[in-house]
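Observations on the model geometry
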Amino acid sequence: MRRDLTPADLGDLLERPLLATLATRRIDDSILLSPVWHEWRDGAFLVVVEAGDGKLRHVTRDPRVAIIVAEPDPPYRGIEIRGIAEIERLPDGSAIRRIGRRYIGDDVESLYAEDDDSSVALQIGPGDLRAWDFADEYPAS
């Protein structure tokens, strides 16, 4: 397994519409794992959440999070960031439409209104970064 990689070493992994798993801390300090849509932008993950979402309450109370993206097929590339989530208010629905388009295509336009301001973004990064792949074990990939 190749370790100590940078995001650039992972090729197109962060451009693919793979679900990420976001870890936040509940009030009792247990961990909530949530599948989330994401975007890798300017060296950080961007995750959009609705204003009343539990993940947002968790991050407001304790901004320490972890997020991981890993592919299910060889060479099994992956990246994990542990760090502090910064909450950004979104002025319109453009971020959720842009991210959603990666996952469901142009149908996203009918799901998220142009003037939707009920979402916020969690920006996660750079924090502690761990990236890997098994390219040496799967040379044909």
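Our structure's up above, just so we're on the same page.
Overview of the structure. (Residues numbered from 1 in each chain as written. Predicted model: local features only at pLDDT ≥ 70, side-chain atom pairs only at ≥ 80, totals over all residues. Heavy atoms only, no water.)

Counting its regular elements, the protein chain contains 3 helices and 8 strands. Counting helices and strands in the order they occur from the N terminus, the protein chain gives β-β-β-β-α-β-β-α-α-β-β. A compact globule built from 141 residues should have a C-alpha radius of gyration of about 14 Å, and the protein chain, at 16 Å, falls within 12% of that. C-alpha atoms of the protein chain, sized along the principal axes, occupy 45 × 40 × 20 Å. Within the protein chain, buried positions represent 41% of all 141 residues. If you take every contact in the protein chain between residues at least 6 apart in sequence, the share linking residues at least 24 apart comes to 71%. (Helix = DSSP H or I, 4+ residues; strand = E, 2+ residues; numbered from the N terminus. Rg over C-alpha atoms; globule rule 2.2 N^0.38 Å. Buried < 20%, exposed > 50% of the residue type's maximum accessible area, 1.4 Å probe, protein only. Contact = heavy atoms within 4.5 Å.)

The next subject is helix H2 (residues 94-104). Since one α-helical turn is 3.6 residues long, residues separated by three or four positions face the same way. Along H2, the residues classified as buried are Ala95, Ile96, Arg97, Ile99, Gly100 and Tyr103. Looking one or two places after H2, you find Gly105, whose phi comes out positive at around 75 degrees.

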